[in-house]
Amino acid sequence: EDQVTQSPEALRLQEGESSSLNCSYTVSGLRGLFWYRQDPGKGPEFLFTLYSAGEEKEKERLKATLTKKESFLHITAPKPEDSATYLCAGRRGSNYKLTFGKGTLLTVNP
Amino acid sequence: GAGVSQSPSNKVTEKGKDVELRCDPISGHTALYWYRQRLGQGLEFLIYFQGNSAPDKSGLPSDRFSAERTGESVSTLTIQRTQQEDSAVYLCASSLDATSLNEQFFGPGTRLTVL
C-alpha cells in the first residue's frame with residue numbers, strides 16, 4: 001500500500017528563521033511527487049512537481065528537493081504570509097491517483 | 001481564467017438526509033477528481049472521471065456515495081442517508097488530462113457538517 005508521511009505535524013518559526021519540512025514516501029514506481037499549499041478554508045494550491053531523485057525546484061522562498069525515499073521543502077527566510085498547511089502527495093506509475101500525507105501546519109510569527 | 005468552483009461552500013444537514021455537492025472544473029480539463037478531507041487527515045481519493053470513459057469509483061467509502069459527470073463539465077457528488085462520519089471537506093480537482101505530467105487544480109471545497 002502506498003504511504004506518504006509528513007513531519008513535523010506542526011512547525012512554528014520566527015520570521016527569517018529558515019527550516020525544512022519532510023515528506024517520506026513509499027510509493028511503488030513513483031511518477032511525480034507533488035507539493036501543495038493549503039490556506040484555511042481553501043483548497044490546496046499547487047506548488048511543485050518533482051519526478052526524479054536529485055531534482056530541485058524553486059519558487060520565491062521555497063525550494064523542493066527529491067531523493068529516492070523522501071522530499072524536502074526548504075523555506076528560506078520565511079515571512080508571516082508563508083503560514084499555511086503544506087501537503088505532499090505521491091503518484092504511482094501511470095495511475096492518476098494521488099496519495100496525500102496529512103500535512104505540516106507552518107506558522108511564521110512576525 | 002476561472003478556476004475550479006464548488007457549491008455550496010458550506011452545508012449543514014441532519015443525519016439521514018441526502019446531500020448533493022457540485023463541482024465546475026476548469027474549462028478544457030478532461031479529468032475530474034473528488035477527494036474527502038477529514039479533520040487531521042490527509043486527502044482521501046473518492047472517484048475519478050476522464051472524458052467519456054467509465055469512472056473509477058474505487059475510493060467511494062460505501063454505496064451511499066455516488067457521483068455523476070455530464071460530458072467534460074459539471075460533476076455532482078451525492079451522499080444518501082448521511083451519517084455523522086460523513087462530516088468533512090469535500091474537494092474537487094481537475095486536470096488537463098490524467099497523465100502524470102499534469103498537476104491537479106483544486107476547488108475551495110464544500111464543508112459538510114452532519115448533525
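Structure: see above.
On a predicted model such as this, the values are computed, not experimentally measured, just so you know.

Take the environment of leucine 77 of chain B next. Residue and element names in this part refer to chain B. Locating leucine 77 in the fold gives a position in strand 7 (residues 75-79). On the basis of relative accessibility, which here comes to 0%, the residue leucine 77 falls in the buried class. Residues leucine 77 and leucine 21, 56 residues apart in the sequence, show an inter-C-alpha distance of 5.1 Å. The residues contacting leucine 77, other than those within four sequence positions of it, are Val19, Glu20, Leu21, Trp34, Leu46, Ser66, Ala67 and Tyr90.

Once that is clear, we can look at the sheet that holds strand 1 (residues 5-7) of chain B. All names here are of chain B. Overall, antiparallel pairing links the 4 strands, which are arranged 1-3-7-6 in an open sheet. Looking at the sheet topology across the chains shown, the edges are occupied by strand 1 and strand 6 (65-69). Averaged over all neighbouring strand pairs, the angle between strand axes comes to 15 degrees, with direction disregarded. Strand direction decides the pairing type here: strand 3 (residues 19-24) and strand 7, joined by 5 bridges, are antiparallel. Each bridged residue has a counterpart across the sheet, and for leucine 21 the counterpart in strand 7 is leucine 77.

In this section: the sheet that holds strand 3 (residues 19-26) of chain A. Residues and elements named next belong to chain A. Taken together, 5 strands build an open sheet; the order of strands is 1-3-8-7-6 and the sheet is antiparallel. Across the chains shown, the open sheet's two edge strands, defined by having one partner strand only, are strand 1 (3-7) and strand 6 (56-59). Direction aside, the axes of adjacent strands within the sheet are offset by 15 degrees on average. Bridge count between strand 7 (residues 62-66) and strand 8 (residues 70-75): 5 bridges; the pairing is antiparallel.

Thresholds applied
- Residues numbered from 1 in each chain as written.
- Chains lettered and ligands numbered in written order.
- Predicted model: local features only at pLDDT ≥ 70, side-chain atom pairs only at ≥ 80, totals over all residues.
- Heavy atoms only, no water.
- Helix = DSSP H or I, 4+ residues; strand = E, 2+ residues; numbered from the N terminus.
- Buried < 20%, exposed > 50% of the residue type's maximum accessible area, 1.4 Å probe, protein only.
- Contact = heavy atoms within 4.5 Å.
- Pairing = 2+ DSSP bridges.
- Axes fitted to C-alpha atoms, helices over the stretch in contact; angles between N-to-C directions.

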